[in-house]
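Results of the structural survey
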Amino acid sequence: MTQENAKTVPPEDVTINGFGIELNDKHKGRIDNYVELYEKRIVAHLEEEYSRQTGLGGKLADRIASFGGSWKFITYFTCFLALWIIWNLLSFTRHFDTPPFILLNLCLSFLSAFQAPVIMMSQNRQAARDKHEAIIDFAINYKAEQEIDDMQGHLHRIETELQELKSFLMTQQKNSSASE
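Bear in mind the structure is a predicted one, so any value in this text is a computation, not a measurement.

1. Concerning the side chain of Asp 97
Locating Asp 97 in the fold gives a position in the loop between α4 (71-89) and α5 (102-179). At 12 Å, Arg 94 is the nearest oppositely charged side chain to Asp 97, a buried residue that forms no salt bridge. At a separation of 3.2 Å, a polar atom in the side chain of Asp 97 contacts the main-chain amide nitrogen of Ile 102. Side-chain polar atoms of Asp 97 contact the backbone nitrogen of Leu 104, separated by 2.9 Å. When residues no more than four places from it in sequence are discounted, the contact partners of Asp 97 are Trp 84, Asn 88, Ile 102, Leu 103 and Leu 104.

2. What about the packing of helix α2 (residues 25-53) against α5?
Interhelical geometry of α2 versus α5 gives an angle of 140° and a closest axis separation of 12 Å. Considering only the axes of α2 and α5, their crossing is right-handed. Along the contact surface, α2 presents Tyr 38, Ile 42, Leu 46, Glu 47, Glu 49 and Tyr 50, while α5 presents Arg 125, Arg 129, His 132, Glu 133, Ile 136 and Ile 140. In the contact of α2 with α5, the residues fall into six nonpolar, one polar and five charged.

3. Topic: the pattern of salt bridges
This structure, assessed with the given rule, holds five salt bridges. Across the salt bridge formed by Glu 133 and Arg 129, the nearest N and O atoms sit 3.9 Å from each other. Taken together, the residues span about one helical turn, with Glu 133 and Arg 129 both in helix α5 at a distance of four residues. Overall, Arg 129 belongs to the buried group, its relative accessible area being 17%. We note a salt bridge from Glu 147 to Lys 143, for which the minimum N-O separation is 4.0 Å. In this pair, Glu 147 and Lys 143 are both assigned in helix α5, four residues apart and thus about one turn of the helix distant.

Procedures and definitions
Residue numbering note: each chain is counted from 1, following its sequence as written. The model is predicted, so local features are restricted to residues of pLDDT at least 70 and side-chain atom pairs to those at 80 or more, both for listing and for counting; the totals for chains, interfaces and linings are taken over all residues. Only heavy atoms go into the side-chain values, all of them from the structure, while hydrogens and water stay out. In this text, helices come from DSSP runs of H or I with a minimum length of four residues, and strands from runs of E with a minimum of two, each type numbered from the N-terminal end. Classification of residues uses two cut-offs on accessible area relative to the type maximum, computed with a 1.4 Å probe and protein chains only: under 20% is buried, over 50% is exposed, and between them is partly exposed. Positive charges come from Lys and Arg, negative ones from Asp and Glu, while His and the chain ends are left out of the count. Criterion for a salt bridge: a side-chain nitrogen of Lys or Arg within 4 Å of a carboxyl oxygen of Asp or Glu. Two N or O atoms count as a polar contact when they lie within 3.5 Å, although within protein this holds only if one can serve as hydrogen donor and the other as acceptor, and sequence-adjacent residues are included solely when both atoms are side-chain atoms. Two residues qualify as a contact provided that any one of their heavy atoms is within 4.5 Å of a heavy atom in the partner residue. Throughout, an axis means a line fitted to C-alpha atoms (over the contacting stretch in the case of helices), and angles, computed between N-to-C directions, take values from 0 to 180 degrees. Each crossing gets its handedness from the near helix: less than a right angle anticlockwise from the far helix is left-handed, clockwise is right-handed. Side-chain classes are defined by residue name, with Ala, Val, Leu, Ile, Met, Phe, Trp, Tyr, Cys and Pro counting as nonpolar, Asp, Glu, Lys and Arg as charged, and the others, Gly among them, as polar.

Here it is as structure tokens:
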């Protein structure tokens, strides 16, 4: 019998467990669109607030951190280091930094001394932003949980009233059949 029921329900339909509500592709698409629209609104609000609160230094730090932590930077920097070393090792070029490459070490020290705090500033700002997003997610989840609890309470009340109505109708039916 269950196999027959499975054949009658198209595979694209989904039943929400415990509620017997069928969702076809059209309904799932509408729900997905609402969720996507809501998420876009939240992200747009967060982006707007972030832009308003972040100054020029913070935005510059974010740009430097995004470039400094990318494969593009690693590729460019590897090429730069290779060119520096090759230039200073070739016998027919003018050497400005002979091995052991003291000037290169100084440049690398300066780069790391400035890049590390900038990246840390950006990470701190991103952590604060992630915390703000987590608080918003918690608030949304909490509100949804309250609404679900409220709906469950209404469903339990309706179920109780239906049971009372059913028992009332059964007693009425028994009384009417007994009086006949």
